[in-house]
Amino acid sequence: MSRLRPVFAWAALGVLLAAGVAQSATALRESGSIQPPDPRTAQQMFADAPDGVDPIVTGPVSAAFKQRQKDANCDTAVWPNVPRACYPD
């Protein structure tokens with residue numbers, strides 16, 4: 001029986017790993033309803049701020065939002081050419 005203990009341990013680990021992969025795939029599939037980007041420019045969205053709006057968020061944000069800002073090159077954006085993705089929803 002002691003010879004089978006490692007086999008059962010590896011089998012349990014494999015089941016847990018498969019369940020995690022299945023859960024991640026389901027979450028990705030459900031979140032597949034990506035909204036199209038907002039066609040308005042930052043200047044149009046913030047028309048009442050003629051000098052511009054800083055896209056830096058000072059509060060807590062998700063890792064996905066930080067990645068979205070990184071992908072949109074928000075740290076180098078200059079007003080009025082600031083992508084909509086730089087601002088939180």
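What you see is a predicted model; the values in this text were computed from it and never measured.

K.L.:
Where do I start with the overall build of the protein chain in this structure?
P.N.:
The number of helices and strands found in the protein chain is three helices and zero strands. The order of helices and strands in the protein chain, counted from the N terminus, is α-α-α. In the protein chain, buried positions account for 11% of the 89 residues. Considering only contacts in the protein chain between residues 6 or more positions apart, those separated by 24 or more positions represent 50%.

K.L.:
Teacher, can you tell me more about unusual backbone geometry here?
P.N.:
It is generally the case that most residues other than glycine have a negative phi and that most peptide bonds are trans. A positive phi is found at Asn73, a non-glycine position, where the angle reads about 55°. Mapped onto the secondary structure, Asn73 falls in the segment after helix 3 (63–71). A relative accessible area of 46% places Asn73 in the partly exposed class.

K.L.:
Help me understand the state of the cysteines in this model?
P.N.:
Should the sulfur atoms of two cysteines be covalently bonded, the bond is a disulfide. Taken as a whole and assessed by the stated rule, the structure comprises one disulfide. Covalent S-S linkage joins Cys74 and Cys86, the inter-sulfur distance amounting to 1.9 Å. Taking the sign of the S-S torsion, -95° for the link of Cys74 and Cys86, the bridge is left-handed. Here Cys74, found in the segment after helix 3, pairs with Cys86, found in the segment after helix 3; they are twelve residues apart in sequence, far enough to count as distant. Judged by its relative accessible area of 8%, Cys74 is buried.

Reading guide: rules and limits
Residues numbered from 1 in each chain as written. Predicted model: local features only at pLDDT ≥ 70, side-chain atom pairs only at ≥ 80, totals over all residues. Heavy atoms only, no water. Helix = DSSP H or I, 4+ residues; strand = E, 2+ residues; numbered from the N terminus. Buried < 20%, exposed > 50% of the residue type's maximum accessible area, 1.4 Å probe, protein only. Contact = heavy atoms within 4.5 Å. Disulfide = S-S within 2.5 Å.

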